[in-house]
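What follows is each chain in one-letter form.
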Amino acid sequence: MTTIRRFCCNDLLRFASVNLDHLTETFNMSFYMTYLARWPDYFHVAEGPGNRIMGYIMGKVEGQGESWHGHVTAVTVAPEYRRQQLAKKLMNLLEDISDKIDKAYFVDLFVRASNIPAIKMYEKLGYVVYRRVLRYYSGEEDGLDMRKALSRDVEKKSVIPLKRPVTPDELEYD
């Protein structure tokens, strides 16, 4: 049985094994603590039998006006728990919070252009490639900015793809 619940401080000492995947971005403790303090509704963990952490999602809400959106900072599932739709459940939770509580226009995320399995999963969840960000990852690998429109974006303006790639310095950050 899997339980999805809010991430808590104690989880910071127990989730390292989930981050062992080379495609998972790993951050320092203060980064995780900032998310936990500022956006607790956007930070959840999937826990299995024996209180094993199976995966987690962390994100935030940011932007202004029609750029008000939910953002997936990280979503990952330990290899032994993949193909059980845990990532889908975690993504749906973040999308629901963004849509129903924060009234965001869309949810976005960045993914390595080489991470084909993740891109395909996001596409199945309704995400589209909004733009390519050149050398987004460590100044080496391109990233894809993928978006999914939420109910507030009736005309789906937020997911109309840009015609040209951008560089990291062209991104807006809140």
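Above this text you will find the structure in question.
Residues numbered from 1 in each chain as written. Predicted model: local features only at pLDDT ≥ 70, side-chain atom pairs only at ≥ 80, totals over all residues. Heavy atoms only, no water.

(A) Highlighting the packing of aromatic side chains. The tally for this structure, following the rule as stated, stands at 13 aromatic pairs. Ring centres of Phe27 and Phe31 lie 4.2 Å apart, and the angle between their planes is 20°; this geometry places the pair in the stacked category. According to the relative accessible area criterion, Phe27 is partly exposed, its value standing at 24%. Ring centres of Tyr136 and Tyr137 lie 4.9 Å apart, and the angle between their planes is 90°; on these two criteria the pair is classed as edge-to-face. According to the relative accessible area criterion, Tyr137 is buried, its value standing at 10%. (Phe/Tyr/Trp six-rings, centres within 6.5 Å; stacked < 30°, edge-to-face > 60°. Buried < 20%, exposed > 50% of the residue type's maximum accessible area, 1.4 Å probe, protein only.)

(B) Representation of the layout of surface pockets within the structure. Of the volumes computed, that of the second largest pocket is approximately 160 Å³. In terms of lining residues, the second largest pocket is bounded by Glu66, Ser67, Tyr105, Phe106, Tyr130, Arg147, Arg152, Asp153, Val154, Glu155, Lys157 and Ser158. Per-class residue counts for the lining of the second largest pocket are 4 nonpolar, 2 polar and 6 charged. (1 Å grid on protein atoms, 1.4 Å probe; cavity = no way out; pocket = protein on both sides within 12 Å on 5 of 7 lines; lining within 4 Å. Points joined across faces, edges and corners; volume = space filled by probe spheres on them. Nonpolar A, V, L, I, M, F, W, Y, C, P; charged D, E, K, R; others polar.)

Remember that the coordinates give geometry; whether it matters functionally is a separate question.
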